[in-house]
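Observations on the model geometry
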Amino acid sequence: MDYPPICSVVPTSLKSRYDKIRDAFKTRFGDDPSFFAKAPGRVNLIGEHIDYCGYAVLPMAIEQDVVFAVRPNDSEKITLTNTDPEFQDFECSINDISIDKSNPKWYYYALCGVKGVLEHCGEEHPRGFSCTVDGTVPRSAGLSSSSALVCCAAISMIHANGWKLTKKELSNVCAYCEHYIGTEGGGMDQAICFMAQEGKAKLIEFNPLKSTDVQLPEGAVFVISNSCVELNKAATSDFNIRVVEGRIASQIIAKAKGLDWQSLKRLGDLQKKLGVDLTNMTNIVKSELHVEPYSKKEVCQILDVTPEELAKTTLSANTLTVESFKLYQRALHVFEEAHRVWEFKRLGEEQAPDVLKKLGQLMSDSHTSCRDLYECSHPDLDQLVNICIWCPRVQIDRSWLGWMCGVDGSN
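Keep in mind that this is a model prediction, so the values were computed, not measured.

Attention now goes to helix α11 (residues 327-350). If you check α11, its first and last C-alpha atoms are 35 Å apart, about what 24 residues at 1.5 Å a residue would give, namely 34 Å. Burial runs high along α11: 17 of the 24 residues are buried. Of the residues one or two after α11, Q351 is the one with positive phi, at around 55°.

See below:
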């Protein structure tokens, strides 16, 4: 079985960092940690904001990571400390884990991982643990630092208790348990965190979860650049509004097509029910949805529900007061982006002479769609992308493939 290993042998190149983490742990707890656990950050090459709609994505892990130095205990308590003094210590009973969605502290993400594993394994008297956390993933920068915290905490919990969960099981558990903090993501971050392999990108498919190696052109270089704009996606409703807009779009189209709209929550499920390809889905969006934003009143009239019923069937806790929804734009982005993912994989496998140019264009098209249709970009990010495109050196040297940059929840 494919179980996640603990970090038993520290590479020589990382020894200095791990020694500092060990020293910080010993200073705080008076003893050495029993083991280290780590989880990487990630970039998504293409497939932005479509995992929670049920579509495949194409991410890869990065070397920046989150590391937990862990020592199990029998106190039934979780004690979390951080090498960064900006982040306060936290302790709670393992039997009384409370996560405040309205005030997302750093340690709540770790508690999400612990709580998810606890509920999945159903053990009555689990061991707690003490840990010191160290991270090199820039926070709120679109590199999934929060999910790395969730996943690393989950790994720490299962090893502290000697439980056995496969990487696929952990991916599913962690994808769900991040909902505890209010983020209705789709599972990409957690899947690539556990299933990544050095030097490879992965096509991640869902329902059921499946990962496939993706061939990248020889000599291709990806530049990961930070726009320095931060956004904690759990601290705003922006992320969940997009999730809800896709949900409403799928339900309105389903009703127009005579389907049981209340049973449909994702655009990917809608496509399966209709039994058509992605090109046809974009045509359906254009024929069934109007470009102008939909008011909540209009949505209720189309679905023949009250606002209270809409809240139960469709909305999330932090989108109950939203009054306007851009359904056409969101659905069009999802179906076109889903097509770009498979085109990226196909082009990579063919390895044509101009493959770098074609893959780079797909990434540019993805950013344009994120900016114009999904509206999950930022002016500073757009400027950074333009600099990458028009930089004279880049125009001369086409050995690169593309760039990845952004704020959390965007490209």
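Counting residues in hydrophobic clusters, the biggest one holds 117 residues, and the most contacted among them are F68, L80 and L289. Ranked by residues supplied to this core, first place goes to helix α3 (residues 145-161) with eleven residues. Residues contacting L289, with those up to four places away along its chain left out, are A249, I252, I253, I284, Y294, L327, Y328 and A331. Counting six residues, the second-largest nonpolar core is a separate cluster that includes I21, F25, F36 and A69.

Before going further, it helps to spend a moment on the sheet that holds strand β1 (residues 35-46). Spatial ordering of the open sheet is given by β1-β2-β5-β3-β4, a layout of five strands whose pairing is mixed. Looking along the sheet, the strands with just one partner apiece sit at the ends: β1 and β4 (90-93). Across the sheet, the mean angle from the axis of one strand to that of its neighbour is 20°, orientation sign disregarded. Bridge count for strand β3 (residues 77-82) against β4 is four bridges, and the pairing is antiparallel. Of the residues in β4, the one forming a bridge with I78 is C92.

In this section: the pattern of salt bridges. Inspection of every chain in the model, using the stated rule, returns 26 salt bridges. A salt bridge links K326 to E375; the nearest nitrogen and oxygen atoms lie 3.0 Å apart. Taken together, the residues K326 in the loop between β10 (324-325) and α11 and E375 in the loop between α12 (355-372) and α13 (379-390) connect sequence positions 49 residues apart. A relative accessible area of 27% means that K326 is categorised as partly exposed. Salt bridges sharing common partners tie together R242, E245, K326, R330 and E375.

Calculation criteria
- Residues numbered from 1 in each chain as written.
- Predicted model: local features only at pLDDT ≥ 70, side-chain atom pairs only at ≥ 80, totals over all residues.
- Heavy atoms only, no water.
- Helix = DSSP H or I, 4+ residues; strand = E, 2+ residues; numbered from the N terminus.
- Expected span 1.5 Å × (residues − 1).
- Buried < 20%, exposed > 50% of the residue type's maximum accessible area, 1.4 Å probe, protein only.
- Core = buried A, V, L, I, M, F, W, Y, C linked by side-chain atoms within 4.5 Å.
- Contact = heavy atoms within 4.5 Å.
- Pairing = 2+ DSSP bridges.
- Axes fitted to C-alpha atoms, helices over the stretch in contact; angles between N-to-C directions.
- Salt bridge = Lys/Arg side-chain N within 4 Å of Asp/Glu carboxyl O.

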